[in-house]
Amino acid sequence: SMIQRMQKLNDLSLRLDHELSPIKKSVDVLSLFKAIASKLNTQGSHSVKLLASPQFSQKTNLDQDLFQQAILVLLKEISRLTHEDVIKITLKQGAVKHYDIEKPQVEVALFGDLDWSLPPDRELEEFLRRSFESSEEVGLELLYAKKIIEKHGGLLSFYREKGKVVGFEITL
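All values derive from a computational prediction rather than experimental measurement.

Asks: Would you mind going over the layout of surface pockets with me for this structure?
Replies: Here the idea is plain: a probe the size of a water molecule rolls over the atoms and shows the empty space left. Here the largest pocket defines a volume of roughly 190 Å³. Residue lining of the largest pocket: Lys24, Gln58, Lys59, Thr60, Asn61, Leu62, Lys103, Pro104, Gln105, Val106, His152 and Leu172, and that is the complete set. For the lining of the largest pocket, the secondary-structure elements that each account for two or more residues are strand S3 (59-62) and strand S5 (101-111). Looking at the lining of the largest pocket residue by residue, the classes come out as four nonpolar, five polar and three charged.

Written out as structure tokens, the structure is:
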């Protein structure tokens, strides 16, 4: 039943919170994404275009293997749904002011020519729940990716263009 499935999703979510413990070390974000893109370009059905500003040079503390798994899950979901042959990854460097301290921030957008026709106020949580309802496997993979990103202090949300959801955005 629907309620049992929701309970199962909640249990899994709690278990992942408990079990995932990334072993972080300093990683060059651009190199990591270059490696992911070239891996997919040699074996994927879609070509991956990586776009970063010339001065992009962010290092951040990540568990490289775990984080890469999360990115691959999200890209797989985009390639399943996109109409084009190209998936784009953009890397942006920003800063957040926190009590007058500038904290560097990395924004990663993963997107394709998607039109998920989702209402503008649709939240990622609800999307995950529905993914889980239609296919437990896809729902679980997406939940896993989201948890990994959160364990890295990141935030996973929808990436929108012209008000349409076209992919995912990660803020680190």
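Moving on from the coordinates now.
Asks: Is there a simple way to explain the packing of aromatic side chains in this structure?
Replies: By convention here, two paired aromatic rings are described through the distance between centres and the angle between planes. Throughout the structure, instances matching the rule amount to four aromatic pairs. Considering the side-chain rings of Phe111 and Tyr159, the 4.8 Å spacing of their centres and the 35° angle between planes classify their relative orientation as tilted. Here Phe111, found in strand S5, pairs with Tyr159, found in strand S6 (residues 155-161); they are 48 residues apart in sequence, far enough to count as distant. On the accessibility criterion, Phe111 (6% relative accessible area) is buried. Assessed through its relative accessible area of 14%, Tyr159 is described here as buried. Here the aromatic rings of Phe158 and Phe168 are separated by 6.4 Å at their centres, their planes lie at 25°, and the arrangement is stacked.

Asks: What should I look at first to understand the pairing of strand S4 (residues 86-98) in this one?
Replies: For a regular strand, the rule is simple: side chains alternate between the two faces of the sheet. Looking at chain direction, strand S2 (residues 47-52) and S4 are connected through six bridges and run parallel. Paired with Ala52 across the bridge in S4 is Leu91. Counting the residues in the hairpin turn of S4 and S5 gives two residues, including Tyr99, whose phi is positive at 50°.

Asks: I would appreciate a short explanation of the sheet that holds strand S7 (residues 164-171) in the present structure.
Replies: Paired through backbone hydrogen bonds, the strands of a sheet run either parallel or antiparallel to each other. Strand order in the open sheet made by the five strands is S2-S4-S5-S7-S6, with mixed pairing throughout. The sheet is open, and its two borders are formed by S2 and S6, each paired with just one other strand. Here the average twist between neighbouring strands, direction ignored, is 30°. Taken strand by strand, helix H3 (residues 64-81) contacts S4, S5, S6 and S7, and its axis lies near 175° from that of S7. The strands touched by helix H4 (residues 124-134) within the sheet are S6 and S7, with S6 carrying the most contacts at an inclination of about 95°.

Asks: What exactly am I supposed to notice about empty space enclosed by the protein here?
Replies: Summed over all chains, the structure comprises one cavity of 30 Å³ or more. If you add up the space inside the largest cavity, you get close to 40 Å³. Thr90, Lys92, Glu107, Val108, Ala109, Tyr159 and Glu169 together form the lining of the largest cavity. Broken down by secondary-structure element, the contributors of at least two residues to the lining of the largest cavity are S4 and S5. In terms of residue class, the lining of the largest cavity is made up of three nonpolar, one polar and three charged.

Asks: Would you explain the side chain of Lys147 in this entry?
Replies: For Lys147, the position within the fold is in helix H5 (residues 136-151). Excluding residues that lie within four positions of it along the chain, Lys147 makes contacts with Ser13, Leu16, Asp17 and Leu20.

Asks: I keep staring at the packing of helix H1 (residues 2-19) against H5 and nothing clicks. Help me out?
Replies: The description of two helices packed together rests on the angle between their axes and the distance between the axes. Two elements in contact, H1 and H5, have axes whose closest approach is 10 Å; the angle formed by their N-to-C orientations is 35°. Every pair of crossing elements has a handedness; the one defined by H1 and H5 is right-handed. Between H1, through Arg5, Lys8, Leu9, Leu12, Ser13, Leu16 and Asp17, and H5, the contact on the second element is made entirely by Glu136, Leu140, Leu143, Tyr144, Lys147 and Lys151. Looking at side-chain class alone, the contact of H1 with H5 contains six nonpolar, one polar and six charged residues.

Basis of the calculations
- Residues numbered from 1 in each chain as written.
- Predicted model: local features only at pLDDT ≥ 70, side-chain atom pairs only at ≥ 80, totals over all residues.
- Heavy atoms only, no water.
- 1 Å grid on protein atoms, 1.4 Å probe; cavity = no way out; pocket = protein on both sides within 12 Å on 5 of 7 lines; lining within 4 Å.
- Points joined across faces, edges and corners; volume = space filled by probe spheres on them.
- Helix = DSSP H or I, 4+ residues; strand = E, 2+ residues; numbered from the N terminus.
- Nonpolar A, V, L, I, M, F, W, Y, C, P; charged D, E, K, R; others polar.
- Phe/Tyr/Trp six-rings, centres within 6.5 Å; stacked < 30°, edge-to-face > 60°.
- Buried < 20%, exposed > 50% of the residue type's maximum accessible area, 1.4 Å probe, protein only.
- Pairing = 2+ DSSP bridges.
- Axes fitted to C-alpha atoms, helices over the stretch in contact; angles between N-to-C directions.
- Contact = heavy atoms within 4.5 Å.
- Left-handed = near helix turned anticlockwise from the far one by under 90°.

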